[in-house]
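Spelled out, the chains give:
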Amino acid sequence: MGSSPYALGMARRPTPPRERLLEAARTEFAARGLAGARVDTIARDAEASKERLYAHFSTKRDLFDAALGESIGRWVAVVPFDAHDLPGWASALYDHLASNPDDARLLLWGQIEGVALPSPGVLDHGQLEARRDSVRAAQDAGDISSGWDADELLTMVFGVVLAWFVTPEATNLHTGPQQRRCDVVRQAVARIVDPG
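Residues numbered from 1 in each chain as written. Predicted model: local features only at pLDDT ≥ 70, side-chain atom pairs only at ≥ 80, totals over all residues. Heavy atoms only, no water.

Phe29 and Leu86 are the most contacted members of the largest nonpolar core, which has 52 residues in total. Elements represented by at least two residues in this core include exactly helix H1 (17-36), helix H2 (39-45), helix H4 (60-78), helix H5 (86-99), helix H6 (101-112), helix H7 (125-140), helix H8 (150-166) and helix H9 (178-193). The element best represented in this core is H8, accounting for 9 residues. (Core = buried A, V, L, I, M, F, W, Y, C linked by side-chain atoms within 4.5 Å. Buried < 20%, exposed > 50% of the residue type's maximum accessible area, 1.4 Å probe, protein only. Helix = DSSP H or I, 4+ residues; strand = E, 2+ residues; numbered from the N terminus.)

And the structure:
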C-alpha cells in the first residue's frame, strides 16, 4: 500500500482542500466511473481524510456530480459557444476534450449515470435557453441551416464532437493526428449546418 506524499513528510500543496478533492475525484471518476471509484483513493490522492471529504460532499454521488459540474464548467468557459460559427466551436471543443481526456470520460460517465443536462452545477436552464436562442438567431441571420430545430442541431453537433470518444475501435484520443480530427469535426459540422 503506497503512502501519500504528505505522509512521507512532503509539504502539502497550497491548493485548498475542496479543489484538491475535486481534482482527485475527477481523475478517479474519469478512470472508474461512479460505481468503481474509491472514496479512500480520492481522499488519499487529495491529501485529505475521508472525514474532510464528507465535510465538503455529503455522498459519493454528490462528489461525482460536483466533479462533473466542475469539469463541464471548465470547458464551457474555455470554449465559448458561438452559434454563428458552430464548425469552429465544435472543432475547438473536440480539441479541448481530446487534450483533456478526463473531461470527455467524465461526460460519458455522467451519461451512463443518468445525469441530466441541464442540471445544477452543469448547464442551467438559462444557459441552455441562451444557446437555443443563439442558434435561432444564427438561423434567422442565414448563417446556419434553418431546417433543424435548435435542440436537434445542438444534439447533432455535439454528437460529431464526441464521435471518436464513443465509436468502438475508432482511431481515438490516444492515436492519430489530433489536428486532422479537429479538421474532420469542423468539416462535418459545416455540412450539417450549411444553410445552402
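On we go from here.
Further remarks concern the pattern of salt bridges. Side chains carrying opposite charge are able to pair once their charged atoms draw close together. All told, the structure shown has 13 salt bridges when counted by the stated rule. Notably, a salt bridge pairs Asp40 with Arg38, separated by 3.3 Å at the nearest N-O pair. For Asp40, a relative accessible area of 37% gives the class partly exposed. On the accessibility criterion, Arg38 (48% relative accessible area) is partly exposed. Across the salt bridge formed by Asp102 and Arg105, the nearest N and O atoms sit 3.2 Å from each other. Here Asp102 pairs with Arg105, and both are found in helix H6, just 3 residues apart, close to one helical turn. Using a relative accessible area of 24% as the deciding quantity, one classes Asp102 as partly exposed. The structure contains a network of salt bridges with shared partners spanning Glu129, Arg132, Asp133, Arg136 and Asp151. (Salt bridge = Lys/Arg side-chain N within 4 Å of Asp/Glu carboxyl O.)

The phi angle at Glu47 is positive, at roughly 55°, despite the residue not being glycine. Within the element layout of this structure, Glu47 appears in the loop between H2 and helix H3 (50-56). On the basis of relative accessible area, Glu47 is assigned to the buried category, the value being 9%.

Looking at where Ser71 falls in the secondary structure, it is placed in helix H4. In this structure Ser71 comes out as buried when scored by relative accessible area, which is 0%. Sequence-distant contacts of Ser71, that is, excluding residues within four places in its chain, are made with Arg26, Asp103 and Leu106. Here Asp103 takes part through its side chain, which lies 2.5 Å from a polar atom of the side chain of Ser71. (Contact = heavy atoms within 4.5 Å. Polar contact = N/O pair within 3.5 Å; in protein donor to acceptor, adjacent residues only side chain to side chain.)

Look at H9: 23 Å from first C-alpha to last across 16 residues, which is about the 22 Å you get at 1.5 Å a residue. By the burial criterion, the buried members of H9 are Arg181, Cys182, Val185, Val189, Ile192 and Val193. Axial view of H9: buried residues confined to an arc of 105°, hence all on one face. Of the exposed residues in H9, those oriented more than 90 degrees away from the buried face are Gln179 and Arg191. At its buried positions, H9 is contacted by H5 and H8. (Expected span 1.5 Å × (residues − 1). Arc of directions from axis to C-beta.)

Any link to function would need more than the numbers given here.
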